[in-house]
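Coordinate analysis (summary)
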Amino acid sequence: MEMYRFETARFIVRAIIRNDCDMDTSWMDEETKANIACGLWQAFGTIVTVETKDGIKLGSDSLWGSVYENPAEFFSDHRSADPMNRNCSAMRAARGGNVRICHYFPDMIRQAVSDARKRLANMPKLKELSPA
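Residue indices follow the written sequence of each chain, beginning from 1 at its first position. Owing to the predicted nature of the model, reporting of local features is limited to residues with pLDDT of at least 70; listing and counting of side-chain atom pairs is limited to 80 or more, with chain, interface and lining totals taken over all residues. By convention in this description, side-chain values take in all heavy atoms of the structure and omit both hydrogens and water.

**Here's the deal with the pattern of salt bridges**
In plain terms, the rule: What makes a salt bridge here is a side-chain nitrogen of Lys or Arg within 4 Å of a carboxyl oxygen of Asp or Glu, nothing more. To qualify as a helix, a DSSP run of H or I must reach at least 4 residues; to qualify as a strand, a run of E must reach at least 2; elements of each kind are numbered from the N terminus. Three labels apply to residues, based on accessible area from a 1.4 Å probe with only protein chains included: buried if under 20% of the type maximum, exposed if over 50%, partly exposed otherwise in between.
One pass over the full model with this rule turns up seven salt bridges. Measuring nitrogen to oxygen at the nearest pair gives 3.5 Å for the salt bridge that ties arginine 14 to glutamate 51. Taken together, the positions of arginine 14 in strand 2 (residues 11–18) and glutamate 51 in strand 3 (residues 42–52) put the pair 37 residues apart, joining distant regions of the chain. Accessibility assignment for this pair places arginine 14 and glutamate 51 in one class, buried. With a closest N to O distance of 3.6 Å, glutamate 30 and lysine 33 form a salt bridge. Placement of the pair is glutamate 30 and lysine 33 together in helix 1 (residues 30–37), with a separation of three residues, close to one helical turn. We classify lysine 33 as partly exposed; its relative accessible area is 28%. Overlapping salt bridges bring together Glu2, Arg5, Glu7, Arg14, Glu51 and Lys53 as one network.

Okay, structure coming up:
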């Protein structure tokens, strides 16, 4: 299921979740396993890709083993209305200047875009064809 999409004139950045994969639950506590089993929580993997408009994949990143009651929170937590849940000056003033909250999704976007930029930089340049 597509959870995030951003398009430019030439590229598409998207994030999909997959919950149809076998997930190792051995590390989970019993409450987590029970909430997943009854459908209260969802376990999923996220795949972020950067593609050209004609479908050439240039970069990607993935993370597996996320568990949320609402998977949409994985994609929006870094923009929480509560400043104590964001990497901002108010949170750092309250918790200390070296504290950092880890939100995986923005880092996944950065990694996929970085991969795409590297791949594009290493592609051979094609000469423009001009009519004879």
